Amino acid sequence: MHFSASLAAATALIASCAGHSMLSTPAPRGNTKWWGTCSAGAGCKGPCDAPKADAPFNSIYVAKKYVQRGQKLEVVWNRLNHPGGFVRLAMVPFDQSDSWTAFNDNVLKYTCYETTCKTSKPEDTTFGYLNGSGDSPCTTTVTVPENIADGTAVTLQWIWYGGGIYYGMPDTSFGEYYGCSDMIVSGGPKSNTKPAATFVGGDATYPNSDVCKYWGSNKVGDCNFGTKVPPNPSDADLLSQSLEPCMRGPQKKGKPYGFDSSDESGYANQTISSSYDAPADDSASYSSPDAPAAPETDSVPAPESTPDTPVVSAPEAAAETTPYSEAGAADAGYSAQPSSAVGAEDATADEPSTDSEPQKCIPRPANAF
């Protein structure tokens, strides 16, 4: 690969909008401030793509989606030309959907970003093996917990994190992206047991495995950028409109933070040289001089010891003592009917909000991400 050609491609702007990634099914809340995309780097800090008060679910004119306990929900997002990373799915009562703590305590599933999708140009290794462009849909399923009371309004949260190759820079990671979908649970088998978070690995690069390809961190929250927002966003400087890239470093493979760090072959989460062939190639990596310095490697906590079952992170583990149940529905703040959510007093969000100006749609470079 010729680096000069790569840099030229990364700076040749075309008039297309870089949504980077977003939930598409079930239908997300959406937002107007960030043109539908919720990027932590642009200032949208989650936990949803729009706050509860702005959810279309509140409107009497919007049809409500109903699901049953035990139902397998199809979850879909488009690859949008970006490789790698993890997706986390969580579900909480609608009334708690402005709370990061609630979502962290009720995680259902982790999976790879490129579950059923991959580049449409596998022969293009400009940015690495199977890291080329392609916008096919990625899908997974998540099971509606059986310990949710009938009539409960709930919110499904989708997070993409650990994605790579920001604006054509092979050794950089994106920030986090968020999306939420609201629905009502009615019917289905009942149980008082809260489901534990699971991880299903295997992606385009590592199919039939228990790992995912990713960049940066494997832990939710490490690329949220805290309370920071772009300091001086400018239409004349497109990259000033986001704090991304989050981290700089080679491509990796592994599992989400909190899960067993070794698969059946006994290897831990590994750094993969950003070569431009298959992952097994150990040729020299390329690091863009324009990418900001990432936190030190040890800022990403090492996974815990290997148990018989996956170990989730501390907030998720604590959640095991507070399962969904009909008996505790009122205490948990569940909304028994969708109408009860309308006009309800908004709970205080765990993450500070920002009053920064709306971010513009960011064109993306040709042949870059």
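Calculation criteria
Residues numbered from 1 in each chain as written. Predicted model: local features only at pLDDT ≥ 70, side-chain atom pairs only at ≥ 80, totals over all residues. Heavy atoms only, no water. Helix = DSSP H or I, 4+ residues; strand = E, 2+ residues; numbered from the N terminus. Buried < 20%, exposed > 50% of the residue type's maximum accessible area, 1.4 Å probe, protein only. Contact = heavy atoms within 4.5 Å. Areas by Shrake-Rupley, 256 points an atom, 1.4 Å probe, with all protein chains shown as cover. Pairing = 2+ DSSP bridges. Phe/Tyr/Trp six-rings, centres within 6.5 Å; stacked < 30°, edge-to-face > 60°. Lys NZ or Arg CZ within 6 Å of the ring centre and 35° of its normal. pLDDT = per-residue confidence, 0-100. Core = buried A, V, L, I, M, F, W, Y, C linked by side-chain atoms within 4.5 Å. Polar contact = N/O pair within 3.5 Å; in protein donor to acceptor, adjacent residues only side chain to side chain. Disulfide = S-S within 2.5 Å. Axes fitted to C-alpha atoms, helices over the stretch in contact; angles between N-to-C directions. Salt bridge = Lys/Arg side-chain N within 4 Å of Asp/Glu carboxyl O.

Asker: Please explain the overall build of the protein chain as it appears in this structure.
Answerer: Counting its regular elements, the protein chain contains five helices and 16 strands. Within the protein chain, buried positions represent 52% of all 369 residues. Relative to all contacts within the protein chain whose residues are 6 or more apart in sequence, the contacts with residues 24 or more apart total 80%. When the accessible surface of the protein chain is totalled, it reaches about 15,600 Å², and 53% of it is carbon and sulfur.

Asker: What's the story with the sheet that holds strand S11 (residues 177-185) in this structure? I'm lost.
Answerer: Pairing between the strands of a sheet comes from backbone hydrogen bonds, and it takes one of two forms, parallel or antiparallel. The strand order across the open sheet built from six strands is S3-S11-S8-S5-S6-S12, with neighbouring strands paired in mixed fashion. With partners counted over all chains shown, the strands left at the sheet margins are strand S3 (66-67) and strand S12 (198-200), one partner each. As paired strands, strand S6 (residues 107-112) and S12 are joined by three bridges and run parallel to one another. Bridge pairing in S12 links Tyr110 to Phe199.

Asker: Hey, could you run me through the packing of aromatic side chains in this one?
Answerer: Within a pair of aromatic rings, the relevant descriptors are the distance that separates the centres and the angle that separates the planes. On inspection of all chains with the given rule, the structure shows 14 aromatic pairs. A ring pair is formed by Tyr166 and Phe174, whose centres lie 5.3 Å apart and whose planes are at 80°; its orientation type is edge-to-face. For the ring pair Phe199 and Phe259, a centre distance of 5.9 Å and an interplane angle of 55° mean the geometry is tilted. On the criterion of sequence distance, the pair formed by Phe199 in strand S12 and Phe259 in the loop between strand S14 (252-254) and strand S15 (270-271) is long-range, its members being 60 residues apart. Accessibility expressed as a relative area gives 3% for Phe259, which makes it buried. Lying across the ring of Phe57, Lys64 places its NZ or CZ 5.5 Å from the centre.

Asker: In this structure, what is going on with the confidence of the model for the protein chain? I would like to understand it.
Answerer: Detailed reading of predicted coordinates is not advised where the pLDDT is low. Scored by pLDDT, the protein chain comes out at a mean of 75, with 65% of its residues at no less than 70. Note that pLDDT drops below 50 for residues 1-18; the model gives that stretch 34 contacts with residues more than four away or on any other chain. Contacts from residues 273-369, a stretch scored under 50 in pLDDT, to residues over four places away or in other chains number 214 contacts.

Asker: Sorry if this is basic, but what is going on with the nonpolar core here?
Answerer: Here is a general trend for soluble globular proteins: nonpolar side chains tend to be buried in one another's company. Among the nonpolar cores identified, the biggest contains 29 residues, and Phe103, Tyr110, Ile159, Tyr161 and Tyr178 are the most heavily contacted of them. With residues near it in sequence (within four places) discarded, Tyr178 still touches Cys38, Ala40, Cys44, Lys45, Gly46, Pro47, Cys48, Asp49, Trp100, Trp158, Ile159 and Asn224. With 26 residues, the next largest nonpolar core counts Leu73, Val142, Tyr166 and Met169 among its residues.

Asker: Got a minute to help me understand the side chain of Asn81 in this structure?
Answerer: Relative to the helices and strands, Asn81 resides in the loop between strand S4 (72-78) and strand S5 (86-93). The exposure class of Asn81 is buried, given its relative accessible area of 11%. Of the polar contacts made by the side chain of Asn81, one reaches the backbone nitrogen of Gly134; its length is 2.9 Å.

Asker: What exactly am I supposed to notice about the state of the cysteines here?
Answerer: Note on terminology: a disulfide is the covalent bond linking the sulfur atoms of two cysteines. The final tally for this structure, using the stated rule, is five disulfides. The disulfide partner of Cys112 is Cys212, and the S-S distance across this bridge is 1.9 Å. Taking the torsion about the sulfur-sulfur bond, which here is approximately -85°, the covalent link between Cys112 and Cys212 counts as left-handed. Here Cys212 lies in strand S13 (residues 212-214) and Cys112 lies in strand S6, a separation of 100 residues in the sequence. No difference in accessibility class separates Cys112 from Cys212, as the two residues are buried. Disulfide partner of Cys223: Cys246, at an S-S distance of 2.0 Å. Here Cys223 and Cys246 share a disulfide; its torsion about the S-S bond, -90°, makes the bridge left-handed. Here Cys223 is found in the loop between S13 and S14, whereas its partner Cys246 is found in the loop between S13 and S14, with 23 residues between them in sequence. Look at Cys246 and you get buried, because its relative accessible area is 11%.

Asker: Help me out: how do you make sense of the sheet that holds S4 in this one?
Answerer: Taken together, three strands build an open sheet; the order of strands is S2-S4-S7 and the sheet is antiparallel. Two strands lie at the open edges of the sheet, namely strand S2 (23-25) and strand S7 (137-143), each paired on one side alone. Sheet twist, expressed as the mean angle between neighbouring strand axes with direction ignored, is 35°. By the bridge criterion, seven bridges tie S4 to S7 in an arrangement that is antiparallel. Following the sheet pairing, Glu74 is matched in S7 by Thr141.

Asker: Which parts of the structure should I look at to understand the side chain of Ser217?
Answerer: Assignment of secondary structure puts Ser217 in the loop between S13 and S14. Under the relative-accessibility criterion, Ser217 is labelled buried at 3%. Only 2.6 Å separates the side chain of Ser217 from the side chain of Asp222, close enough to count as a polar contact.

Asker: How should the pattern of salt bridges be read in this particular structure?
Answerer: Side chains carrying opposite charge are able to pair once their charged atoms draw close together. Enumeration according to the criterion identifies five salt bridges in this entry. As a salt-bridge pair, Arg79 and Glu114 come within 2.8 Å of each other at their nearest N and O atoms. Separated by 35 residues along the polypeptide, Arg79 in the loop between S4 and S5 and Glu114 in the loop between S6 and S7 bring together distant segments of the chain. Taken as a pair, Arg79 and Glu114 share a single burial class, namely buried. With a closest N to O distance of 3.8 Å, Glu114 and Lys213 form a salt bridge. Placement of Glu114 in the loop between S6 and S7 and of Lys213 in strand S13 is noted, with a sequence separation of 99 residues between them. Accessibility assignment for this pair places Glu114 and Lys213 in one class, buried.

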